[in-house]
Amino acid sequence: MTSGQPLPQDREPSLTIAQVAERTGLSHDTLRYYEKAGLIERVGRTTGNQRRYQAADLAWLEFLLRLRETGMPISDMQRFARLRAQGDATVADRLALLREHRAEVADRIRALRRNAVALDDKIDHYVRLLDETRPGTDEPT
């Protein structure tokens, strides 16, 4: 991640907040919030104080989106970001947090599959009812 210092001219190409918003689907306000909430480290700035995101920032944001889309609470995302910022000494803690979250995701997937089966059964039931109904009446044949 980059620091909040102005970026040197010889660095890798950077992205504006508008470009990152377009690529991630996050609003400018959400990107600023993520920075303020500690989910992303302070983003590098130009001499004009405009945010400039690097490839590593974008990769981290994409991972945060995966955590969010899989239902990780923001407090756990913040905890993970703090651990990540502390470096390699926290790898075991980060692994434990991700394993716990993955188990919760697996539980939700199993529940969704059970619910999808129940929906399929109900759909099949109504299809059979329609097939048994004579055209123009509500009475089964």
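Per chain, residues are indexed from 1 in the order of the written sequence. Totals for whole chains, interfaces and linings use all residues, but because this is a predicted model, local features are given only for residues with pLDDT of at least 70 and pairs of side-chain atoms are given and counted only at 80 or more. By convention in this description, side-chain values take in all heavy atoms of the structure and omit both hydrogens and water.

Caption draft 1: Broad picture of a nonpolar patch on the surface. Surface patches are defined over residues having more than 30% relative accessible area and no salt bridge, joining like charges when they lie within 9 Å and nonpolar side chains (Val, Leu, Ile, Met, Phe, Trp, Tyr) when within 5 Å. Per-residue accessibility takes into account occlusion by the displayed protein chains alone, with areas from the Shrake-Rupley method and a 1.4 Å probe. Salt bridges are counted wherever a side-chain nitrogen of Lys or Arg sits within 4 Å of a carboxyl oxygen of Asp or Glu. There is a patch of nonpolar side chains on the surface, built from Leu119, Ile123 and Val127 and spanning about 290 Å² of accessible area. A run of DSSP states H or I qualifies as a helix once it reaches four residues; a run of E qualifies as a strand once it reaches two. Both are numbered from the N-terminal end. Inspection of the secondary structure assignment puts valine 127 in helix H5 (residues 91-132). Think of it in three bands: residues with accessible area under 20% of the maximum for their type are buried, residues over 50% are exposed, and the middle band is partly exposed, with areas taken using a 1.4 Å probe on protein chains only. Looking at valine 127, the relative accessible area reads 42%, which means it is partly exposed.

Caption draft 2: Molecular detail of the side chain of histidine 101. You can see histidine 101 is positioned in helix H5. Of the residues examined, histidine 101 reaches a relative accessible area of 7% and is grouped as buried. If we skip the residues at most four places from it in the chain, histidine 101 touches Leu67, Thr70, Gly71 and Met72. Any two residues whose heavy atoms approach within 4.5 Å at even a single point are treated as in contact.

Caption draft 3: Region of the structure containing the packing of aromatic side chains. Geometry of aromatic contacts follows a simple scheme: Phe, Tyr and Trp rings, the Trp one being its six-membered ring, pair when their centres are within 6.5 Å, and the pair is stacked under 30 degrees between planes, edge-to-face over 60, tilted otherwise. Enumeration over the complete set of coordinates arrives at four aromatic pairs. Feature note: the residues Trp60, Phe63 and Phe80 constitute an aromatic cluster, connected by ring pairs. The ring of tryptophan 60 carries arginine 84 above its face, with NZ or CZ at 3.9 Å from the centroid. Ring-over charges, as used throughout, are those where CZ of Arg or NZ of Lys falls within 6 Å of the ring centre and within 35 degrees of the ring normal.

Caption draft 4: Up close: the nonpolar core. Counting residues in hydrophobic clusters, the biggest one holds 22 residues, and the most contacted among them are Leu31, Tyr34, Ile40, Tyr53, Leu61 and Leu64. Secondary structure elements with two or more residues in this core: helix H1 (17-24), helix H2 (28-36), helix H3 (55-69) and helix H4 (74-85). The residues contacting leucine 31, other than those within four sequence positions of it, are Ile17, Val20, Ala21, Leu26, Ile40, Tyr53 and Leu61. By nonpolar core we mean a set of buried residues, namely Ala, Val, Leu, Ile, Met, Phe, Trp, Tyr and Cys, connected to one another through side-chain atoms within 4.5 Å.

In short, geometric facts, not functional conclusions.
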